[in-house]
Structures are given as structure tokens and as C-alpha cells.
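Chain and residue survey
Spelled out, the chains give:
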Amino acid sequence: MIHLKNSAQISAMKDAGRITGEALLIARDMVRPGVSTYEIDREIRRYIEKCGATPTFLGYGGFPASACISINDEVIHGIPSKKRILQEGDIVKIDTGATYHGYVGDSARTIPVGTVSEEAARLIQATRDSFWAGIDALQVGNRLGDVGSAIDTLVRSHGFSTVKRYVGHGVGTEMHESPDVPNFGTPGRGIRLCAGMTLAIEPMVNVGTCEVQELSDGWTVKTLDGKLSAHYENTVALTSEGVLILTEVEKGF
Ligand code: MG
Ligand code: MG
């Protein structure tokens, strides 16, 4: 069942979204060669708790940290560790969430570590652009397949591939609510979009194959071919006046 939110509920989600977005800005500003993913996670947690919010990921399904931090060919769900040290040329995906007054924000970014390859830079840009292509299609009266198709079409226009095994989702009082929001689809198909839907739109884009594998740690998901992957996610609200990007606190990031 899809839980539609009224304007008061969307307003509460704005607060959770802002805290989530601000935590990602702090994380971004820490990204440089030599920093561990543990340190980034620690500062994310510190900021979220300072705001009076709860790190949504911590303990979710047993996840041991406040952010998923995934490097290079890791797609999602990387576990922060003192042993994972960022290196010049890496790309790092930081995905986090904050729960505030009962509502959840969920957002992710891919950040270059120092100077990255031309291919890595193109991948990061295309992944972000695919999110915005999806947002263009996120209109009352359209269908969910219009959104997924817009994302996938943009990704394929760059010669990259869209991960199919993991998808976006509804978000609200729970991090994962109905509906699933695939990053692919058929225009005109799927459920009809209506005002009050709050969704995490989150393209995961690979340089090579779309196939992925889960590692034996039970969490980390990697590309099957070892090539790079990028992720870009915002929690958004569809209203009769248009789309609100609840976790975006700095334009262009
Ligand atoms: Mg997320
Ligand atoms: Mg999500």
C-alpha cells in the first residue's frame, strides 16, 4: 500500500531531508586521500545526532554504521571501516539517512577523491543527470515506468548500464515503503503518479555490465565485472505544484 503524505507530513519530511543533505555535505568536505570510511561515517553520525535526529541506517537490518560507504566497483551497502582508506583517483559513494520526528530522509552522492579518470568523471555526471531526467518525468498523471524509462534512456545514451537488481522506493515513516521505483521501465506502464507520493529516486549506474554480486560480508554489493559504479539519490515529494527535492541542500551537489 502506498502512503500518500499531506502537506504537514511533507513539511516534516523536509526537516529529515535537510538534516540528511547537510550530513552529506559534511561527508563531502571530508573526502580526500588518506581518510578512512570509518571517519566519514563517524562524522555523519555525530552531525545527525547533534540535530536531534537518529541515523536511520544504524541497526537497520543489522547494518553496523550510519552510512553505507562504497568505493569504486562497490555499488552500494559498503560497510565503513578503519581499514578502508580513500586513495587519489577513487570514487566514493556515500549513502545515509536521518529519522527526525518520525520521518526519514534518504540520500546518496558519488564523490571523486582528488583527480579521477575522465571515465569516472563522466560516470558521476551521467548518474546525476539520469536522476534529473527521472525527475522531469515525475509528474502527476504520469506512470512510474515513465520515470524509470527516462533514467535508463539517459544512462544508455552514455554507454553505461543501469543496475536492475536494486531499485528506489517509497519513503516516509519507514525508509523502505511501497512502491518500488526501478531505474528502468516502459513509458506509460506502471502505477499512476499522484500528489502526496514521497519517493527515494536513486539511479545506480555501472560503466560495464549491469550485473552485480553481493560479497560474503552480507552487505557490500559490487559490479560483477569489477568496473566502476556510481549512485545518486534524493528523497523527493510529488505535489500538485511539482516535485520537491527534500534532501538537496546545495544546488549542483
Ligand atoms: Mg539511500
Ligand atoms: Mg534509498
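Right above here is the structure, for reference.
This write-up is about the structure you can find in this document. (Residues numbered from 1 in each chain as written. Chains lettered and ligands numbered in written order. Predicted model: local features only at pLDDT ≥ 70, side-chain atom pairs only at ≥ 80, totals over all residues. Heavy atoms only, no water.)

This part covers the coordination of the magnesium ion (ligand 1). Distances from the magnesium ion (ligand 1) to its protein donors, D95 (OD), D95 (OD), D106 (OD) and E233 (OE), fall within 2.0 to 2.6 Å. All donors of the magnesium ion (ligand 1) come from a single chain, and their spacing in sequence reads D-x10-D-x126-E. Taken as a pair, the magnesium ion (ligand 1) and the magnesium ion (ligand 2) lie 3.2 Å from each other and share D106 as a ligand. Taken together, the positions of D106 in strand β5 (residues 103-112) and E233 in the loop between β13 (229-231) and β14 (234-239) put the pair 127 residues apart, joining distant regions of the chain. (Donors = N, O, S within 2.8 Å, 3.2 Å for Na, K, Ca; no water. Helix = DSSP H or I, 4+ residues; strand = E, 2+ residues; numbered from the N terminus.)

Quick look at the packing of aromatic side chains now. The full count for this structure, using the stated rule, is three aromatic pairs. Where F131 meets W132, the ring centres are 5.0 Å apart and the plane angle is 90°; that geometry is what we call edge-to-face. Given a relative accessible area of 0%, F131 falls into the buried group. W132 gets classed as partly exposed once you look at its relative accessible area, which sits at 29%. Aromatic rings pair up to connect F131, W132 and Y232 into one cluster. Lying across the ring of F253, R28 places its NZ or CZ 4.7 Å from the centre. Over the ring of Y38 we find K82, and its NZ or CZ is 4.8 Å from the ring centre. (Phe/Tyr/Trp six-rings, centres within 6.5 Å; stacked < 30°, edge-to-face > 60°. Buried < 20%, exposed > 50% of the residue type's maximum accessible area, 1.4 Å probe, protein only. Lys NZ or Arg CZ within 6 Å of the ring centre and 35° of its normal.)

Now for the packing of helix α3 (residues 118-137) against helix α4 (residues 144-157). It is at 8 Å that the axes of α3 and α4 come closest, and there the two elements cross at 150°. Considering the angle they form, α3 stands roughly antiparallel to α4. In terms of crossing hand, the pair formed by α3 and α4 is right-handed. Counted together, A126, D129, S130, A133, G134 and A137 of α3 and D146, V147, A150, I151, L154 and V155 of α4 form the full contact between these two elements. Residue composition of the contact of α3 with α4, by class: eight nonpolar, two polar and two charged. (Axes fitted to C-alpha atoms, helices over the stretch in contact; angles between N-to-C directions. Parallel < 35°, antiparallel > 145°, perpendicular 65-115°, else oblique. Left-handed = near helix turned anticlockwise from the far one by under 90°. Contact = heavy atoms within 4.5 Å. Nonpolar A, V, L, I, M, F, W, Y, C, P; charged D, E, K, R; others polar.)

So, about the coordination of the magnesium ion (ligand 2). The magnesium ion (ligand 2) binds to the protein through D106 (OD), H169 (NE2), E202 (OE) and E233 (OE); the donor distances cover 2.1 to 2.2 Å. Along the chain, the residues donating to the magnesium ion (ligand 2) are arranged with the sequence spacing D-x62-H-x32-E-x30-E.

One open sheet holds the five strands; their spatial order is β8-β7-β9-β14-β15, and the pairing between them is antiparallel. Of all strands in the sheet, those bounded by a partner on one side alone are β8 (177-181) and β15 (242-245). On average, each strand axis in the sheet is inclined to that of its neighbour by 25°, with strand direction left out of account. Relative to β14, strand β9 (residues 198-201) runs antiparallel, the two being bridged by four bridges. Of the residues in β14, the one forming a bridge with I201 is N234. (Pairing = 2+ DSSP bridges.)

None of the figures reported here should be taken as evidence of function without further support.
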